[in-house]
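Below are the chains, spelled out letter by letter.
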Amino acid sequence: MPINVNIHDGIGEIIFDHPPVNAFDSKLWMELPQLVTKTASNPEVKVVLIRAEGKGFQAGVDIKELQAKPDMIPLVNRGNFLTGQAIHKAEVPVVCAVHGFIMGGGVIICGASDTIIASEDAFFALPEIDRGAMGGASHLSRMLPLHKVRAAFFTGSNITAEEMYRLGAVEKVVPRDKLYQEALAFCQVIASKSRKALAIAKEALNGIEAADVDRNYRWEQGFTLEMYMEEDSQKARDAFVEGGKKADF
């Protein structure tokens, strides 16, 4: 299965396993928020751990689907929005254990979560500007200062796990082979608490945030659709599908 759920000892694990790069098509993006909500609302679950198998955590949307079927863009956008919303508004804390690449939708997943533990090889990126899209800055802004977000968005460049840690976005950076062990240990501490207390704390913390990440992301998505209507957008997707290249503008 591309996305698996494993519940044990108060921890609900959601595991991505969709080779080659854990990029999701519209169907998977629409399934993921339901899995998150179902797992987080399980009375046996006190914390949700999202992690991945394979080369990297999550590579965003399936560009090949959008290149071949541009009419799927609104559905993919909706799936992205609902995924971020489901994680942000989950009944209990959500922890992400990430390795390798965290791109596009992967940034949304992490930005909507409560805590991130990263392996030393992890890097975050919003390559939307090179893929003919927009979006994701709302969730990156939940992790990083304004000017760092803009620099990353305008350039499409990578941000290392160490840099994310330095700026306070990542709780801990660990060796790749220790990632699951460290993330599990962190989740076990949370799982030792009262579920009712955790649920109240999550709601309270969401309520005092300065910005509404879900509303802001919905605003961004309007510009995503606008960008998709431009000729440059299709040109960028074609170049990527033809060999992972960046279009020459």
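Just above, that's the structure.
So, about the packing of helix α1 (residues 26–40) against helix α3 (residues 73–88). It is at 8 Å that the axes of α1 and α3 come closest, and there the two elements cross at 20 degrees. What the angle tells us is that α1 and α3 run roughly parallel. The handedness of the crossing between α1 and α3 is left-handed. Contact residues: S26, W29, M30, L32, P33, V36 and T37 in α1; L75, V76, R78, G79, N80, L82, T83, A86 and I87 in α3. Broken down by class, the residue content of the contact of α1 with α3 amounts to 10 nonpolar, five polar and one charged.

For the coordinates displayed, the defined rule picks out nine salt bridges. A salt bridge links E163 to K148; the shortest N-O distance between them is 3.5 Å. Pair noted here: E163 is in helix α7 (residues 161–166) and K148 is in helix α6 (residues 146–155), with a separation of 15 residues, a long-range link. We note a salt bridge from R166 to E163, for which the minimum N-O separation is 3.0 Å. Residue R166 and its partner E163 are located together in helix α7, separated by three residues, close to a single helical turn. One network of salt bridges, with partners in common, ties together E13, R51 and E53.

Conventions we followed
- Residues numbered from 1 in each chain as written.
- Predicted model: local features only at pLDDT ≥ 70, side-chain atom pairs only at ≥ 80, totals over all residues.
- Heavy atoms only, no water.
- Axes fitted to C-alpha atoms, helices over the stretch in contact; angles between N-to-C directions.
- Helix = DSSP H or I, 4+ residues; strand = E, 2+ residues; numbered from the N terminus.
- Parallel < 35°, antiparallel > 145°, perpendicular 65-115°, else oblique.
- Left-handed = near helix turned anticlockwise from the far one by under 90°.
- Contact = heavy atoms within 4.5 Å.
- Nonpolar A, V, L, I, M, F, W, Y, C, P; charged D, E, K, R; others polar.
- Salt bridge = Lys/Arg side-chain N within 4 Å of Asp/Glu carboxyl O.

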